[in-house]
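So you can see what is in the structure, the chains are spelled out below.
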Amino acid sequence: PRYGQGAFVDCLRALWLRLSGQELRVHEFGKPHASQFEAARKLIELQASGRPLERIYMMGDNPAADVRGANGAPDGVWRSVLVCTGVYRGGAAGNDAADPAWRVEADLRA
């Protein structure tokens, strides 16, 4: 199985509770949280001489992280492109039912 950040956080919480007797307070940053996409947009705009961007494409193989994050980004400039080279195994003709991408590609070869 492939374990992501959620499994790590669950383990950390369990260890913390066992060692300290208290619940661990966690504030997560990263995909699919909006703060990650807002920070990325700001950094990309700085590289574009401060010009606001009309579109940013998020390519990823994980619908629950990459696609959900891009689809849920609050600024409306993100488009999710799901690639079939990792976590997602549904094929380029399909899409994820829970977190559908704007576009699905077999890979990113030109």
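S.K.: Looking at this structure, how should I read the pairing of strand β1 (residues 56-60)?
M.R.: Of the two faces of β1, only one is covered, namely that formed by I56, M58 and G60; the face formed by Y57 and M59 stays uncovered. As defined by bridge partners, β1 adjoins strand β2 (residues 78-83) across five bridges and the pair is classed as parallel. When the bridges of β2 are listed, G60 appears paired with L82. Between the parallel elements β1 and β2, the chain passes through helix α3 (residues 63-72) in a crossover that is right-handed.

S.K.: Looking at this structure, how should I read α3?
M.R.: Helical geometry note: an α-helix holds 3.6 residues per turn, so side chains three or four residues apart project in the same direction. Considered for burial, the residues of α3 that qualify are P63, A65, D66, V67, G69 and A70. In this structure, the buried side of α3 is in contact with α2 (34-47), β1 and β2. Where α3 begins, one side-chain oxygen reaches toward the backbone nitrogen of A64, 3.0 Å away; that side chain belongs to N62.

S.K.: Mind showing me how you'd approach the packing of aromatic side chains here?
M.R.: A ring pair, where both rings are aromatic, is described by two values, the distance of the centres and the angle of the planes. Tallied over the full model, the rule gives two aromatic pairs. Where F37 meets W78, the ring centres are 5.0 Å apart and the plane angle is 90°; that geometry is what we call edge-to-face. Of the two residues, F37 sits in helix α2 while W78 sits in strand β2, which places them 41 residues apart along the sequence. For the pair formed by F37 and W78, the shared burial category is buried. Measuring from ring centre to ring centre gives 5.6 Å for Y57 and W102, while their planes differ by 45°; the resulting arrangement is tilted. Of this pair, Y57 sits in strand β1 while W102 sits in the loop between β2 and β3 (103-105); the two residues are 45 residues apart in sequence, bridging distant segments of the chain. The exposure class assigned to Y57 is partly exposed, which follows from its relative accessible area of 42%.

S.K.: Just to check I follow, could you spell out the layout of surface pockets for this structure?
M.R.: Here the idea is plain: a probe the size of a water molecule rolls over the atoms and shows the empty space left. Here the largest pocket defines a volume of roughly 240 Å³. Along the walls of the largest pocket sit 14 residues, with G4, Q5, K31, N62 and A65 positioned nearest its centre. Breaking the lining of the largest pocket down by element, the ones donating at least two residues are α1 (5-20) and α3. Broken down by element, the lining of the largest pocket gets its largest block of residues, three residues, from α3. Considered class by class, the residues forming the lining of the largest pocket number five nonpolar, five polar and four charged.

S.K.: Please explain a nonpolar patch on the surface as it appears in this structure.
M.R.: A surface patch of nonpolar side chains, about 450 Å² in accessible area, is lined by Y57, M59, W102 and L108. What makes W102 partly exposed here is its relative accessible area of 48%.

S.K.: Would you explain the nonpolar core in this entry?
M.R.: Nonpolar side chains in soluble globular proteins tend to be buried together. By size, the foremost hydrophobic cluster in this structure holds seven residues: F37, I56, M58, A70, A73, V77 and W78. Those residues in contact with V77 that sit more than four places away from it in its chain are R41, L53, E54, R55 and I56.

S.K.: So what exactly am I meant to see when it comes to unusual backbone geometry here?
M.R.: With glycine set apart, most residues show a phi of negative sign, and most peptide bonds adopt trans. With phi around 60°, S49 is a residue other than glycine that occupies positive phi space. We classify S49 as exposed; its relative accessible area is 65%.

Rules and cut-offs
Residues numbered from 1 in each chain as written. Predicted model: local features only at pLDDT ≥ 70, side-chain atom pairs only at ≥ 80, totals over all residues. Heavy atoms only, no water. Buried < 20%, exposed > 50% of the residue type's maximum accessible area, 1.4 Å probe, protein only. Helix = DSSP H or I, 4+ residues; strand = E, 2+ residues; numbered from the N terminus. Pairing = 2+ DSSP bridges. Right-handed = clockwise from strand over helix to strand, strands pointing away. Contact = heavy atoms within 4.5 Å. Polar contact = N/O pair within 3.5 Å; in protein donor to acceptor, adjacent residues only side chain to side chain. Phe/Tyr/Trp six-rings, centres within 6.5 Å; stacked < 30°, edge-to-face > 60°. 1 Å grid on protein atoms, 1.4 Å probe; cavity = no way out; pocket = protein on both sides within 12 Å on 5 of 7 lines; lining within 4 Å. Points joined across faces, edges and corners; volume = space filled by probe spheres on them. Nonpolar A, V, L, I, M, F, W, Y, C, P; charged D, E, K, R; others polar. Patch = residues over 30% accessible without salt bridge, like charges linked within 9 Å, V, L, I, M, F, W, Y side chains within 5 Å. Areas by Shrake-Rupley, 256 points an atom, 1.4 Å probe, with all protein chains shown as cover. Salt bridge = Lys/Arg side-chain N within 4 Å of Asp/Glu carboxyl O. Core = buried A, V, L, I, M, F, W, Y, C linked by side-chain atoms within 4.5 Å.

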